[in-house]
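Read off the chains here:
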Amino acid sequence: NAGVTQTPKFQVLKTGQSMTLQCAQDMNHNSMYWYRQDPGMGLRLIYYSASEGTTDKGEVPNGYNVSRLNKREFSLRLESAAPSQTSVYFCASSEASRAYNEQFFGPGTRLTVL
Amino acid sequence: DAKTTQPNSMESNEEEPVHLPCNHSTISGTDYIHWYRQLPSQGPEYVIHGLTSNVNNRMASLAIAEDRKSSTLILHRATLRDAAVYYCIPISSSNTGKLIFGQGTTLQVKP
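Here the structure is a predicted model, which is why all the values come from computation and not from measurement.

Definitions and limits used
- Residues numbered from 1 in each chain as written.
- Chains lettered and ligands numbered in written order.
- Predicted model: local features only at pLDDT ≥ 70, side-chain atom pairs only at ≥ 80, totals over all residues.
- Heavy atoms only, no water.
- Helix = DSSP H or I, 4+ residues; strand = E, 2+ residues; numbered from the N terminus.
- Polar contact = N/O pair within 3.5 Å; in protein donor to acceptor, adjacent residues only side chain to side chain.
- Contact = heavy atoms within 4.5 Å.
- Pairing = 2+ DSSP bridges.
- Axes fitted to C-alpha atoms, helices over the stretch in contact; angles between N-to-C directions.
- Buried < 20%, exposed > 50% of the residue type's maximum accessible area, 1.4 Å probe, protein only.

## Observations concerning the side chain of Asp82(B)
Residue and element names in this part refer to chain B.
1) Next: Note that Asp 82 resides in the loop between strand E7 (70–75) and strand E8 (84–91).
2) Next: Polar contacts involving the side chain of Asp 82 include one to the main-chain amide nitrogen of Thr 79, which spans 2.9 Å.
3) Next: Not counting residues within four places of it along the chain, the set of residues in contact with Asp 82 comprises Arg 37, Leu 75, Arg 77, Leu 107 and Val 109.

Here's what the structure looks like:
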């Protein structure tokens, strides 16, 4: 099992460009999450999907959109990238979105916006 | 969600036990206590979680105070691979499992 995979691993954008970060999991998990991590900081939740067909905002959703394409895939889109969105983006999944469920994280996408 | 206080950094010698403390005095009765760690340049990794009783797994042990206002993650024999940032995260049963990361404790392991 690959677990949680993310593409691309690295990306450089110019201000105003758009891109989509892809995330997939092969653990048949119901819940998926997108986090960002700025240098020297802990992770912050951007959006999450408690189950297929649902998405909700997290702590820092502005400037992002998400799509739960199917049970396996959860994408994060930046419509008009800004330098403030330079960060490392992590996708995670869990069996369900209950307080006792552990989350499994992907390796991250390192995004630089110039 | 409960706030947490962890030391910014700790040091340990290889093959010695490590006790990583976390204060979560505002925790509610139904909050689970999770620990994650993040190795350099990697995504976070689940370590252990508990509610009231002490818990053990292959990676670590979790000791929860009787009043649940604090907990301690115990690595029984630290290895160089255990050098990471350790996050203590109380999770409310009402927050749909969202993780709220603080600053964590940076653990250095000396050979």
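## Things to note about unusual backbone geometry
1) Next: Geometrically, the link from Thr7(A) to Pro8(A) is a cis peptide bond, its omega value of -5 degrees lying close to zero.
2) Next: Turning to its location among the elements, Pro8(A) is positioned in the loop between strand E1 (4–7) and strand E2 (10–13).
3) Next: For Ser41(B), which is not a glycine, the phi torsion comes out positive at approximately 60 degrees.
4) Next: Considering the arrangement of structural elements, one finds Ser41(B) in the loop between strand E3 (32–38) and strand E4 (45–50).
5) Next: Unusually for a residue other than glycine, Arg68(B) sits at a positive phi of about 65 degrees.

## Points about the sheet that holds E1(A)
Residues and elements named next belong to chain A.
1) Next: Strand order in the open sheet formed by four strands is E1-E3-E8-E7, with antiparallel pairing between adjacent strands. One side of each edge strand has no neighbouring strand; the edge strands of this open sheet are E1 and strand E7 (64–68). Each adjacent strand pair in this sheet contributes to an overall mean axis angle of 20 degrees, direction not counted.
2) Next: Pairing analysis gives three bridges linking strand E3 (residues 19–25) to strand E8 (residues 74–78), with the strands arranged antiparallel.

## Structural notes on the environment of Ile89(B)
All names here are of chain B.
1) Next: As for its placement among the helices and strands, Ile 89 is situated in strand E8.
2) Next: Here Ile 89 falls in the buried class, since its relative accessible area comes to 0%.
3) Next: Residues Ile 89 and Trp 35, spaced 54 residues apart in sequence, show a C-alpha to C-alpha distance of 6.0 Å.
4) Next: What Ile 89 contacts, discounting residues up to four positions off in sequence, is Tyr 32, Ile 33, His 34, Tyr 36, Leu 99, Ile 100 and Phe 101.

Any link to function would need more than the numbers given here.
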